[in-house]
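# Structural features, examined
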Amino acid sequence: MNQDNPPQKSPGKELDMNPKPISVDPDYREIKKLLGKVAIVTGGDSGIGKATAILFAKEGAKISIVYNESDEDAEETKKTIEKLGVDCILIKGDVGNKDFCDDAISKTVDKFKALDIVVNNAGEQHSKENIEEISEEQLIKTFRTNIFSMFFMTQAALKYLKPGSSIINTASVVAYQGREQLIDYSSTKGAIVSFTRSLSQNLAKKGIRVNAVAPGPIWTPLVYSTFPQDKLKDFGKDTPLGRPGQPYEVATGFLFLASSDSSYITGQTIHINGGHPVNG
Ligand code: NAD
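Residue positions are given per chain, counting from 1 as you read along its sequence in written order. Side-chain atom pairs in this predicted model are given and counted only at pLDDT of 80 or more, local residue features only at pLDDT of at least 70, and totals for whole chains, interfaces and linings cover all residues. As a convention, hydrogens and water are excluded, and side-chain values are obtained from all of the structure's heavy atoms.

### Structural notes on the site of the ligand
We call a residue near a molecule or strand as soon as one heavy atom of that residue lies within 4 Å of the molecule or strand. Near the ligand, the surroundings consist of 28 residues, among which Asp45, Ser46, Ile48, Tyr185 and Thr220 are the closest. Interatomic distance of 2.7 Å between a backbone N/O atom of Ile48 and an oxygen atom of the ligand. Here a polar contact is recorded for every N or O atom pair within 3.5 Å, except that within protein the pair must consist of a potential hydrogen donor and a potential acceptor, and residues adjacent in sequence are included only if both atoms are side-chain atoms. Take Tyr185: an N or O atom from its side chain is 2.5 Å from an oxygen atom of the ligand. Relative to its free-state accessible area of 800 Å², the ligand is covered by the protein chains to the extent of 94%. We count a stretch as a helix when DSSP gives it H or I for four or more residues in a row; a strand needs E for two or more, and each element gets its number in order from the N terminus. The leading source of residues in the shell around the ligand is helix H7 (residues 221–226), at three residues. Following the grouping adopted for this structure description, the nonpolar residues are Ala, Val, Leu, Ile, Met, Phe, Trp, Tyr, Cys and Pro, the charged ones are Asp, Glu, Lys and Arg, and the polar ones are all others, Gly among them. For the shell around the ligand, the residue count by class is 13 nonpolar, 12 polar and three charged. Per-residue accessibility takes into account occlusion by the displayed protein chains alone, with areas from the Shrake-Rupley method and a 1.4 Å probe.

Encoded structure:
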């Protein structure tokens, strides 16, 4: 990020960001670790989800992207995936709605005839200075989007998942560290860690693994559109690595948990956060 010229805020679209997030590592060499697999990625239009969807596609998986607003981001991501010679479908709607989640899973299986990997990544956050400023509406919506959605998507997906399938949830470093302006959001992320642990125990007997990725400060529209302008220029500088992460640096964690490289790992969280030591 150019610190002398802090970027202007956008309404949450990756295409409007300056500088743009880096979704793809140009030096990455794929070996088709996910060939023949089908993955659904919520929030796969931008940021961490986009980088994950593209990396999975490079590794051979067919991709279903769920998103809520930005048709432009979604179309751009789909085009990038199709250029790799991989099929991709876009499904627009609200993951906080159970009927929509049922429908998104059905559409994915109708199109690709299978489902192997579920990435529960869609999320929202709204920074507030004090708990009194968190409206009931914001509280309910943040919980619906960030954690209820994971129940809905998993319930719908279980009919199709089989031994060897993988569910990966996006948590956050704030689940462990807390964040004074994100009380509701960080509470959902703590719930996601507990959800991941409990669900992993429940699904182990079916041979389905459940893990989480807990990113630290990553340069994405979520941050760009919701952080106060004066804080953006220092975003990520308080990490030991001294900078924000890029989406492609998080996507590799999802790939590890999606592939058989992590076949003996379930109920765990990978911390991709620039070096903050966290418990659990
Ligand atoms: P992002 O804005 O690029 O992605 C969030 C995506 O979630 C949106 O693009 C949108 O498609 C989707 N979404 C939001 N509400 C939705 C809804 N109701 N229905 C369907 N889709 C919806 O930002 P990101 O940073 O890539 O966020 C991805 C995940 O990473 C989120 O769960 C976020 O909490 C988590 N995370 C991000 C950071 C960070 O610093 N960027 C840190 C920790 C965790």
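### Thoughts on the packing of aromatic side chains
Classification of ring pairs rests on two measures: the distance between centres of Phe, Tyr or Trp rings, Trp counted by its six-membered ring, which must be within 6.5 Å, and the angle between planes, read as stacked under 30 degrees, edge-to-face over 60 and tilted in between. Scanning the model with the defined rule gives five aromatic pairs in all. For the ring pair Phe148 and Phe152, a centre distance of 6.5 Å and an interplane angle of 75 degrees mean the geometry is edge-to-face. One end of the pair is Phe148 and the other is Phe152, both in helix H4 (residues 136–157) and four residues apart, which spans about a single turn. Relative accessibility decides the category of a residue: with a 1.4 Å probe and only protein chains considered, values under 20% of the type maximum give buried, values over 50% give exposed, and everything between is partly exposed. Its relative accessible area of 36% is what places Phe148 among the partly exposed residues. Taken together, a centroid distance of 5.4 Å and an interplanar angle of 85 degrees make the contact between Trp219 and Tyr224 edge-to-face. In terms of burial, Trp219 and Tyr224 fall into one category: buried. Through successive ring pairs, a cluster of aromatic residues spans Trp219, Tyr224, Phe227 and Phe235.

### As for the pairing of strand S4 (residues 117–120)
Across the two faces of S4 the burial is the same, with Ile117 and Val119 and Val118 and Asn120 all buried. Pairing between two strands is assigned when DSSP locates at least 2 bridges connecting them. One ladder, built from three bridges, connects strand S1 (residues 38–42) with S4; its direction is parallel. What sits directly across from Ala39, in S4, is Ile117. Handedness of the crossover joining S4 and strand S5 (residues 166–170) through H4: right-handed. The path from the first strand over the helix to the second decides the hand: if it runs clockwise while the strands point away from the viewer, the crossover is right-handed.

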